[in-house]
Amino acid sequence: MGTGTDLGRVRGLGSAKHGSHHWIMQRITAVGNLILVLWFLITLALMPSYDHETMVTWLSSPFVAVPMILLLVSVFWHLRMGLQVLIEDYTDGGTRIFLLMLLNFYAVGGAALGIFAVAKIAFTGAAA
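These lines cover the structure that appears in this document, whether it is placed above or below. (Residues numbered from 1 in each chain as written. Predicted model: local features only at pLDDT ≥ 70, side-chain atom pairs only at ≥ 80, totals over all residues. Heavy atoms only, no water.)

### A closer look at helix α2 (residues 19–45)
Part 1: A rise of 1.5 Å per residue sets the reference length of α2, with its 27 residues, at 39 Å; its end C-alpha atoms lie 39 Å apart and thus fit the reference within 8%.
Part 2: Within α2, the full set of buried residues consists of H22, M25, Q26, T29, G32, N33, L36, T43 and L44.
Part 3: For α2, the secondary structure elements touched by its buried residues are α3 (52–59) and α4 (62–90). (Helix = DSSP H or I, 4+ residues; strand = E, 2+ residues; numbered from the N terminus. Expected span 1.5 Å × (residues − 1). Buried < 20%, exposed > 50% of the residue type's maximum accessible area, 1.4 Å probe, protein only. Contact = heavy atoms within 4.5 Å.)

### Focus on the side chain of T29
Part 1: Considering the arrangement of structural elements, one finds T29 in helix α2.
Part 2: Among the polar contacts made by the side chain of T29, one reaches the side chain of H78 at a distance of 2.7 Å.
Part 3: Contacts of T29, omitting those with residues within four sequence positions, involve S74, W77, H78 and M81. (Polar contact = N/O pair within 3.5 Å; in protein donor to acceptor, adjacent residues only side chain to side chain.)

### Structural notes on the packing of aromatic side chains
Given two aromatic rings, one states the distance between the centres and the angle between the planes to describe the pair.
Part 1: Taken as a whole and assessed by the stated rule, the structure comprises four aromatic pairs.
Part 2: With a centroid separation of 6.4 Å and 20° between ring planes, the pair formed by W39 and W58 is classed as stacked. Taken as a pair, W39 in helix α2 and W58 in helix α3 lie far apart in primary sequence, 19 residues in all.
Part 3: The buried category is assigned to W58, whose relative accessible area is 15%.
Part 4: Aromatic rings pair up to connect W39, F40 and W58 into one cluster. (Phe/Tyr/Trp six-rings, centres within 6.5 Å; stacked < 30°, edge-to-face > 60°.)

### Describing α4
Part 1: For α4, with 29 residues, the first-to-last C-alpha span of 42 Å sits near the 42 Å given by 1.5 Å per residue.
Part 2: When α4 is considered as a whole, its buried residues turn out to be V64, A65, P67, M68, L71, L72, S74, F76, M81, Q84 and I87.
Part 3: For α4, the elements touching its buried residues are α2, α3 and α5 (93–124).
Part 4: Near the N-terminus of α4, the side chain that reaches the backbone nitrogen of F63, with its oxygen 3.2 Å away, is that of S61.

### Thoughts on the side chain of Q84
Part 1: Relative to the elements of secondary structure, Q84 occurs in helix α4.
Part 2: You can call Q84 buried: its relative accessible area is 15%.
Part 3: In this structure, Q84 is in contact with H22, L100 and L103, ignoring residues within four places of it in sequence.

### A few points about a nonpolar patch on the surface
Part 1: Taken together, the side chains of L34, L38, I42 and L46 make up a nonpolar region of the molecular surface, amounting to roughly 430 Å² of accessible area.
Part 2: Mapped onto the elements of the fold, L46 is located in the loop between α2 and α3.
Part 3: You can call L46 exposed: its relative accessible area is 66%. (Patch = residues over 30% accessible without salt bridge, like charges linked within 9 Å, V, L, I, M, F, W, Y side chains within 5 Å. Areas by Shrake-Rupley, 256 points an atom, 1.4 Å probe, with all protein chains shown as cover. Salt bridge = Lys/Arg side-chain N within 4 Å of Asp/Glu carboxyl O.)

### Structural notes on the environment of A112
Part 1: Mapped onto the secondary structure, A112 falls in helix α5.
Part 2: Residue classification places A112 among the partly exposed residues on the basis of a relative accessible area of 45%.
Part 3: Through-space distance from the C-alpha of A112 to that of I69 is 9.7 Å; in sequence the pair is 43 residues apart.

### Regarding the nonpolar core
Part 1: Among the nonpolar cores identified, the biggest contains 15 residues, and W58, L59, M68 and V118 are the most heavily contacted of them.
Part 2: Breaking this core down by element, the ones donating at least two residues are α2, α3, α4 and α5.
Part 3: The element that contributes the greatest number of residues to this core is α4, accounting for six residues.
Part 4: Sequence-distant contacts of L59, defined by excluding residues within four places in its chain, comprise V64, A65, M68, V118, I121 and A122. (Core = buried A, V, L, I, M, F, W, Y, C linked by side-chain atoms within 4.5 Å.)

Right, dumping it as structure tokens:
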């Protein structure tokens, strides 16, 4: 019924009590991704054409722009959590810190860029 060795408890080795939350959040974002990607593929399949004007008109609708932004947030959040686990498991020291910082900048930057693009089209109706 112990919690490890005395030395391990002093050093703080063992469970940080955050693994289950991380695991659950990965599964929640995976389900969200599945639903939103299915929505995206179905709506694209139902499009009459794929020319620029049709796509801009389609993305200008709030019923399309909001789920698209949710898709971007969910995909980049899921990407960040999954790659964080890989980095934490297979790197150490300064490399780990550098890669985690790089991952965070990439995930936030990619999501922000995508959200900006969708918002620009949704609010102005122009992609350029």
